[in-house]
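Architecture and fold: a report
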Amino acid sequence: MVSLIVAASENNVIGKDGKLPWRLKDDMQFFKKLTTSHVLIMGRKTFESLPKVLPNRVHIIVSRDKNYDVADENCYVINILDEAIDFARTFLGKQIFIIGGGSIYEQAIKKKAVNKIYLTRVKAYIEGDAFFPEISPKDWKEVTRTSFPQNENNEFPFDIIEYERVG
Ligand SMILES: NC(=O)c1ccc[n+]([C@@H]2O[C@H](COP(=O)([O-])OP(=O)(O)OC[C@H]3O[C@@H](n4cnc5c(N)ncnc54)[C@H](OP(=O)(O)O)[C@@H]3O)[C@@H](O)[C@H]2O)c1
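Calculation notes
- Residues numbered from 1 in each chain as written.
- Predicted model: local features only at pLDDT ≥ 70, side-chain atom pairs only at ≥ 80, totals over all residues.
- Heavy atoms only, no water.
- UniProt positions renumbered as here; feature names shortened; annotations may be inferred.
- Near = heavy atom within 4 Å.
- Polar contact = N/O pair within 3.5 Å; in protein donor to acceptor, adjacent residues only side chain to side chain.
- Areas by Shrake-Rupley, 256 points an atom, 1.4 Å probe, with all protein chains shown as cover.
- Nonpolar A, V, L, I, M, F, W, Y, C, P; charged D, E, K, R; others polar.
- Helix = DSSP H or I, 4+ residues; strand = E, 2+ residues; numbered from the N terminus.
- Buried < 20%, exposed > 50% of the residue type's maximum accessible area, 1.4 Å probe, protein only.
- Contact = heavy atoms within 4.5 Å.
- Phe/Tyr/Trp six-rings, centres within 6.5 Å; stacked < 30°, edge-to-face > 60°.

With an unreviewed UniProt entry as reference, the protein is termed Dihydrofolate reductase, source organism Raineya orbicola. Within the UniProt record for the protein, the comment given under Function (unreviewed entry) is "Key enzyme in folate metabolism. Catalyzes an essential reaction for de novo glycine and purine synthesis, and for DNA precursor synthesis." Looking at the protein in UniProt, the text filed under Catalytic activity (unreviewed entry) is "(6S)-5,6,7,8-tetrahydrofolate + NADP(+) = 7,8-dihydrofolate + NADPH + H(+)".

Following this line, the structure appears as structure tokens:
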């Protein structure tokens, strides 16, 4: 099973200038809890946007650059997205999370490589340059939703919504 995890504004913005355009501590905690000890697949730009290699997680970085290399025992660079997903499956007993960015989300959803989406819907309209694709209600059914308020931890209110593939 492959899950996708994303935070997107009402207008589907996920990033600006290579960074997240908000500060949502409770959402970061949710991401950490869900993904720790599992396998993450990400585009090269998302990897470079991380402040550091995330502890206790396998990082599979997708890049077309055959010379791209990351000197860390928890990081692997793969040149083809399908092969990255196949490689992720070799880590038996671990869950697989596609963690972005926009180009990887779009390709993975189009290929129907994803069974579950954890979408943090940030309740704001934000300017940005990286986007989450529109997901069709024909293909995705909402199964749970949890609301978080705006407060000193969270710059905006947001809902964490879990979707399962139905189409
Ligand atoms: N809000 C969220 O949940 C969230 C999550 C993740 C990221 N983000 C944001 O999203 C932005 C980055 O997203 P992005 O769309 O610009 O970049 P990205 O998807 O992270 O990375 C794009 C790169 O991935 C590689 N790539 C993409 N498709 C490939 C394929 N089929 N085969 C091989 N390599 C492939 C290419 O690397 P090469 O150029 O090296 O070939 C490409 O330039 C940042 O602002 C980040 O902060 C937000």
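More follows now that the structure is in view.
Another point: the site of the ligand. The ligand sits among 29 residues. The nearest are A7, R44, T46, S63 and Q107. A distance of 2.8 Å is found between a nitrogen atom of the ligand and a backbone nitrogen or oxygen belonging to A7. Between the ligand and S103 there is a distance of 2.8 Å, counted from an oxygen atom to a side-chain nitrogen or oxygen. Protein chains bury 85% of the 940 Å² of accessible surface belonging to the ligand in isolation. In the shell around the ligand, the residues fall into eleven nonpolar, twelve polar and six charged.

Inspection of the secondary structure puts F158 in strand 10 (residues 158-165). What makes F158 buried here is its relative accessible area of 0%. Between the C-alpha atoms of F158 and F148, which are ten residues apart in sequence, the distance is 5.4 Å. If we ignore the near neighbours within four places in the chain, the residues touching F158 are L24, D26, D27, T120, R121, V122, K123, T146, S147 and F148.

What the rule picks out here adds up to seven aromatic pairs. Summarising the aromatic geometry, the rings of F87 and F91 are spaced 5.3 Å apart at their centres and angled 80 degrees between planes, so their arrangement reads as edge-to-face. Take F87: its relative accessible area is 24%, and that puts it in the partly exposed class. Taking relative accessible area as the criterion, F91 reaches 18% and is therefore assigned buried. Their ring planes at 85 degrees and their centres at 5.3 Å tell us that Y105 and F132 sit as a pair that is edge-to-face. A residue pair is termed long-range when its members are at least 10 positions apart, and Y105 in helix 4 (residues 102-110) and F132 in the loop between strand 8 (130-131) and strand 9 (140-148) qualify at 27 residues.

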